[in-house]
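Spelled out from the first residue to the last, the chains are:
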Amino acid sequence: MNTIEQSNEVYSENGIIYPSKVMLDLADLKKVYPTPKGDYVVLEDLNLQILKEEFVTIIGHSGCGKTTMLSMIAGLNPISGGNISVLGNPVKGPGPDRGVIFQSPSLMPWMTALQNVLLGVNQVFPQATKGQREDIAKYYLHKVGLENAFHKKASELSQGMQQRVGIARAFAIKPKVLLLDEPFGMLDSLTRGELQDILIEIWNKEKITV
Ligand SMILES: Nc1ncnc2c1ncn2[C@@H]1O[C@H](COP(=O)(O)OP(=O)(O)O)[C@@H](O)[C@H]1O
Ligand SMILES: [Mg+2]
């Protein structure tokens, strides 16, 4: 999918002109889950534009559809109506332009912290050398304070450390948009505060949309 940035507009391949400031565009988004009792409408007429480098938090009671919305943006959950586009390009499935951090980090438990981060890096930077890819993975593991745990298996890490690996993995693929679904909810307040600081620091530095 190619977009050409010109002055302050982005021309997408479907011909629609988007102001380049808009990173993520949800238009009349709808989600219906079929249930035995009939269709359950979770989201309807959802319109939201998120600008480049913005940091947006969605709040709402449990079950209101936050995870549903994020998983649709991630391309992991089909939409029932409307549109989602990133820089003017419709979302058709998961892609390296969108990184996701879930409530629990879903690491490969038998792999080391470094190998888990490399999984993503290897896919997104296949042209880089093995050394360069390792440097990227180690840089972000270092950023989240795991410089002494490169070679520890994920299953041997604490929950907070596993969540740090998840953050390093998401940042290491350098996504345009980072989607976080209550990523610190299960952690103690000390770890939560520390990880929030790390997130803000990386966000400030990398200028991505969160
Ligand atoms: N796969 C599914 N099938 C049917 N209903 C679902 C499914 N996933 C979520 N739901 C329902 O959709 C609603 C929104 O869920 P969710 O997006 O997880 O909410 P939140 O993340 O805001 O707590 C809930 O009522 C939930 O039970
Ligand atoms: Mg949720």
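Scoring rules and cut-offs
- Residues numbered from 1 in each chain as written.
- Chains lettered and ligands numbered in written order.
- Predicted model: local features only at pLDDT ≥ 70, side-chain atom pairs only at ≥ 80, totals over all residues.
- Heavy atoms only, no water.
- Salt bridge = Lys/Arg side-chain N within 4 Å of Asp/Glu carboxyl O.
- Buried < 20%, exposed > 50% of the residue type's maximum accessible area, 1.4 Å probe, protein only.
- Helix = DSSP H or I, 4+ residues; strand = E, 2+ residues; numbered from the N terminus.
- 1 Å grid on protein atoms, 1.4 Å probe; cavity = no way out; pocket = protein on both sides within 12 Å on 5 of 7 lines; lining within 4 Å.
- Points joined across faces, edges and corners; volume = space filled by probe spheres on them.
- Nonpolar A, V, L, I, M, F, W, Y, C, P; charged D, E, K, R; others polar.

K.L.:
When you look at the pattern of salt bridges in this model, what are you seeing that I'm missing?
P.N.:
Scanning the entire structure with this criterion turns up 6 salt bridges. Residue aspartate 97 is joined to arginine 98 by a salt bridge in which the shortest nitrogen-to-oxygen separation is 3.0 Å. On the basis of relative accessibility, which here comes to 8%, the residue arginine 98 falls in the buried class. In this structure, arginine 164 engages glutamate 194 in a salt bridge whose closest nitrogen and oxygen atoms are separated by 3.4 Å. Residue arginine 164 is found in helix 4 (residues 159-172), and its partner glutamate 194 is found in helix 5 (residues 189-206); the two are separated by 30 residues along the sequence. Taking relative accessible area as the criterion, arginine 164 reaches 10% and is therefore assigned buried. Taking relative accessible area as the criterion, glutamate 194 reaches 38% and is therefore assigned partly exposed. Among the charged side chains, a salt-bridge network with shared partners connects Lys130, Glu134 and Lys138.

K.L.:
I would appreciate a short explanation of empty space enclosed by the protein in the present structure.
P.N.:
Gaps left between atoms show up when a probe the size of a water molecule is rolled over them. Enumeration over the complete set of coordinates arrives at 1 cavity of 30 Å³ or more. The residue inventory of the lining of the largest cavity, partitioned by class, reads 4 nonpolar, 4 polar and no charged.

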